[in-house]
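Chains, contacts and geometry: an overview
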Amino acid sequence: MTEDTPQPAQYYDKHDIWTLDPTSTDKEVYDVFATEVAKLVQLLDENEPLMSRDFYARLFVSLLGLSRVLGEYDDSWSRCDFSTDEI
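Calculation notes
Residues numbered from 1 in each chain as written. Predicted model: local features only at pLDDT ≥ 70, side-chain atom pairs only at ≥ 80, totals over all residues. Heavy atoms only, no water. Helix = DSSP H or I, 4+ residues; strand = E, 2+ residues; numbered from the N terminus. Buried < 20%, exposed > 50% of the residue type's maximum accessible area, 1.4 Å probe, protein only. Contact = heavy atoms within 4.5 Å. Areas by Shrake-Rupley, 256 points an atom, 1.4 Å probe, with all protein chains shown as cover. 1 Å grid on protein atoms, 1.4 Å probe; cavity = no way out; pocket = protein on both sides within 12 Å on 5 of 7 lines; lining within 4 Å. Points joined across faces, edges and corners; volume = space filled by probe spheres on them. pLDDT = per-residue confidence, 0-100. Salt bridge = Lys/Arg side-chain N within 4 Å of Asp/Glu carboxyl O. Phe/Tyr/Trp six-rings, centres within 6.5 Å; stacked < 30°, edge-to-face > 60°.

**Notes on the overall build of the chain**
Assigned secondary structure in the chain consists of three helices and zero strands. A burial count over the chain gives 11% of its 87 residues as buried. In the chain, 61% of the contacts between residues at least 6 apart in sequence involve partners at least 24 apart. Total accessible area computed for the chain in this model is approximately 7400 Å², and 55% of it derives from carbon and sulfur atoms.

**A closer look at the layout of surface pockets**
By volume, the largest pocket is sized at about 1000 Å³. In terms of lining, the largest pocket is formed by 24 residues, of which the most central are Tyr12, Ile17, Thr19, Asp26 and Tyr73. Those elements that provide at least two residues to the lining of the largest pocket are helix 1 (9-14), helix 2 (24-47) and helix 3 (53-80).

**Re the confidence of the model for the chain**
Here the chain averages 89 in pLDDT, while 90% of its residues score no lower than 70. Across the chain, helix 2 holds the top mean pLDDT of 96, while helix 1 sits lowest at 92. Here residues 83-87 is a poorly scored stretch, pLDDT under 50, and it has zero contacts once near neighbours within four places are set aside; other chains count.

**Thoughts on the pattern of salt bridges**
Tallying each qualifying case throughout the model produces three salt bridges. A salt bridge links Glu36 to Lys39; the shortest N-O distance between them is 3.4 Å. Remark: Lys39 and Glu36 occur in helix 2; sequence separation between them is three residues, near one turn of the helix. The exposure class assigned to Lys39 is partly exposed, which follows from its relative accessible area of 48%.

**Points about the packing of aromatic side chains**
Taken as a whole and assessed by the stated rule, the structure comprises five aromatic pairs. With centroids separated by 5.8 Å and ring planes inclined at 15°, the aromatic side chains of Tyr56 and Phe60 adopt a geometry described as stacked. Taken together, the positions of Tyr56 and Phe60, both in helix 3 and four residues apart, correspond to about one turn of that helix. Relative to Trp77, the ring of Tyr73 lies with its centre 5.3 Å away and its plane at 50°, an arrangement referred to as tilted. Here Trp77 and Tyr73 lie together in helix 3, a separation of four residues that amounts to about one turn. According to the relative accessible area criterion, Trp77 is buried, its value standing at 13%. Each residue in the set Trp18, Tyr30, Tyr73 and Trp77 is aromatic and connected to the rest through ring pairs, giving one cluster.

Right, here's the structure in full:
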């Protein structure tokens, strides 16, 4: 892993940089984020009728963006995840 200062997310998007070989810590953090995002989306769903429209909309769009990023990593990691039997 490169020991440098992380750049703004737009830098990685512009240069199409995606980690294809995640560390065990990457996977651990991913699992926690994915689980918690699902819980937060469910919480929003259940409480939508009682929430202020602007507050709901901003939280929902933020979670949607995070969910898409997590999905991109999940897709790429799944394609690159070979068992030792296949090698």
